[in-house]
Amino acid sequence: MTKLQAIRGMHDILMREIPKWQFVEKSIKNILDQYGYKEIRLPILEKTELFKQTIGDNTDIVSKEMYSFDDKNKMSLTLRPEGTASCVRAGIEHGLFHNKTQRLWYMGPMFRYEKPQKGRQRQFHQLGVEAFGLTGPDVDLEQIMICSRIWEKLNIKNINLEINSIGSAQSRLKYREVLVDYFTDHKDKLDDDCLVRLKKNPLRLLDSKNPDMKSLITNAPSISEYLDAESSNHFTGLKEILDNSDIKYNINHKLVRGLDYYEKTVYEWTTCELGAQDTVCAGGRYDNLVEKHGSSPTPAVGFAIGIERLLELIDFEKVTD
């Protein structure tokens, strides 16, 4: 008889762990309530095309990691690998963005076919926080402050904020050409994965985790030299209001995100306490995504936190209700 066990990378959460999950969920919800964010609950399954159009065909998520299948009507469906695509779809479908601002959040399982390791499972849980209809850097700061409040409430130490601006689509096209030239000149130093990225998505070369690539990436041209005026002004405004807050940050001009919809502000909260999976939270702006799906132009910004990684960082003996 075959031994009964869960699918690799998909874990049960047993009774003794549930109070910790409930405490984290309650703490986060209370903070989001204070900032006026409302919960939305989204389907686990979506049409595959939604993620291809939103995240990008050339990203690792779409090309390698999605759980996709055809249903009985031969429609291709996908277990959601992230939540922003579904949130944007729901907002457009239900008219949530028509001449309105919206602050939304959701929490639940996501699915990616990755190598299971500490802090990274094939079914993992994620908090997503999204704001629509707000253009200025003040809402970028608002969400960064929400993250900071969460770390404070859960007594999480040794967590660092890195920020960058990746500009507009036009900025990235110019920068892409420069990157391709730079890495082509060093093609003999690229691993197989980076050779694929060089052809399909050169900005992702900067996100390589291969330690042998570190020096090459460090010396690569900076996107800051190619930013459009609007993105540059937005980033300057964010830095100014961050400087007036008590949140410390580092500028990382090599920081890019693994999803194609980001532009202008991008950021990550990282820690040295989780080994290779050092990113606890990541976010940024995606001002053109709603319009890309056929709706009216709607600026937007959001972030996601991996709940399993968060739980790894919490000393529950030192946190209180």
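Residues numbered from 1 in each chain as written. Predicted model: local features only at pLDDT ≥ 70, side-chain atom pairs only at ≥ 80, totals over all residues. Heavy atoms only, no water.

Brief notes about the nonpolar core
Grouped together as the largest cluster of nonpolar side chains are 44 residues, with contacts concentrated most on Phe-132, Phe-183 and Leu-206. Ignoring sequence-local partners within four residues, the contact set of Phe-183 consists of Leu-190, Leu-198, Leu-205, Leu-206, Met-213, Leu-216 and Ala-220. Counting 42 residues, the second largest nonpolar core, distinct from the first, contains Leu-238, Leu-242, Cys-281 and Ile-307. (Core = buried A, V, L, I, M, F, W, Y, C linked by side-chain atoms within 4.5 Å. Buried < 20%, exposed > 50% of the residue type's maximum accessible area, 1.4 Å probe, protein only. Contact = heavy atoms within 4.5 Å.)

Structural notes on unusual backbone geometry
Keep in mind that most residues, glycine aside, have a negative phi and that most peptide bonds are trans. With a phi angle near 65°, Lys-74 is a residue other than glycine that sits in the positive phi range. By the secondary structure assignment, Lys-74 is in the loop between β3 (67-70) and β4 (76-79). Positive phi, normally seen in glycine, also occurs at Asn-99, with a value near 55°. The topology assignment puts Asn-99 in the loop between α4 (84-93) and β5 (102-111). (Helix = DSSP H or I, 4+ residues; strand = E, 2+ residues; numbered from the N terminus.)

Points about the pattern of salt bridges
A full pass over the atoms with the stated rule returns 16 salt bridges. The salt bridge involving Lys-264 is made with Asp-287; its shortest N-O contact spans 3.4 Å. Of the two residues, Lys-264 is situated in strand β9 (residues 263-271) and Asp-287 in the loop between β10 (279-285) and α10 (289-292); the sequence distance between them amounts to 23 residues. A relative accessible area of 9% places Lys-264 in the buried class. Asp-287 gets classed as buried once you look at its relative accessible area, which sits at 10%. Bridged by salt links that share partners, the residues Asp-60, Lys-64, Asp-193, Arg-197 and Arg-204 form one connected network. (Salt bridge = Lys/Arg side-chain N within 4 Å of Asp/Glu carboxyl O.)

A word on the environment of Pro-81
Along the chain, the position of Pro-81 falls in the loop between β4 and α4. Take Pro-81: its relative accessible area is 0%, and that puts it in the buried class. Counting along the chain gives 28 residues from Pro-81 to Pro-109, while the straight-line C-alpha distance between them is 8.7 Å. Not counting residues up to four positions away in its chain, the partners in contact with Pro-81 are Phe-51, Ile-55, Ile-61, Met-66, Met-110, Phe-111, Arg-112 and Phe-124.

Thoughts on the pairing of β9
Of all the nine residues making up β9, nine are buried; the element is thus mostly covered by neighbouring parts of the structure. In terms of strand pairing, strand β7 (residues 159-165) meets β9 through seven bridges, oriented antiparallel. Residue pairing in the sheet places Glu-162 in a bridge with Glu-268 of β9. Note: β9 against β10, six bridges, orientation antiparallel. For Glu-268, the partnering residue across the bridge sits in β10 and is Ala-282. (Pairing = 2+ DSSP bridges.)

Structural notes on helix α6 (residues 169-185)
The first and last C-alpha atoms of α6 sit 24 Å apart over 17 residues, in line with the 24 Å expected at 1.5 Å per residue. Taken residue by residue, α6 has Ser-171, Arg-172, Tyr-175, Leu-179, Tyr-182 and Phe-183 as its buried positions. Contact partners of the buried residues in α6: α7 (192-200), α8 (214-218) and β9. (Expected span 1.5 Å × (residues − 1).)

Focus on the packing of α6 against α7
Two numbers describe how α6 lies on α7: the axes approach to 10 Å, and their chain directions differ by 145°. Between α6 and α7 lies a crossing whose hand is left-handed. Residue-level contacts link Arg-176, Val-180, Phe-183 and Thr-184 of α6 to Leu-198, Lys-199 and Lys-200 of α7. In the contact of α6 with α7, the residues fall into three nonpolar, one polar and three charged. (Axes fitted to C-alpha atoms, helices over the stretch in contact; angles between N-to-C directions. Left-handed = near helix turned anticlockwise from the far one by under 90°. Nonpolar A, V, L, I, M, F, W, Y, C, P; charged D, E, K, R; others polar.)

Thoughts on the pairing of β10
β10 sits mainly inside the fold: seven of its seven residues count as buried. Taken together, the five bridges between β10 and strand β11 (residues 300-306) define a ladder with antiparallel strand orientation. Across the sheet, residue Arg-285 finds its bridge partner in β11, namely Val-301.

Regarding the sheet that holds strand β2 (residues 45-47)
Pairing is antiparallel in the open sheet, where three strands are placed in the order β2-β4-β3. The two strands at the open ends of the sheet, each matched to only one other strand, are β2 and β3. Strand-to-strand, the axes of this sheet are offset by a mean angle of 35°, without reference to chain direction. Sheet analysis places β2 next to β4, joined by three bridges and oriented antiparallel.

Some remarks on the sheet that holds β11
Judged by pairing direction, the sheet is mixed, and its eight strands sit side by side in the order β1-β5-β6-β11-β10-β9-β7-β8 without closing on themselves. The strands lining the two open edges of the sheet, one partner per strand, are β1 (38-39) and β8 (250-251). Pairing analysis gives seven bridges linking strand β6 (residues 123-132) to β11, with the strands arranged antiparallel. Bridge pairing in β11 places Ala-131 opposite Val-301. Relative to the sheet, helix α9 (residues 229-243) contacts β7, β8, β9 and β10, its axis offset from that of β7 by approximately 155°.

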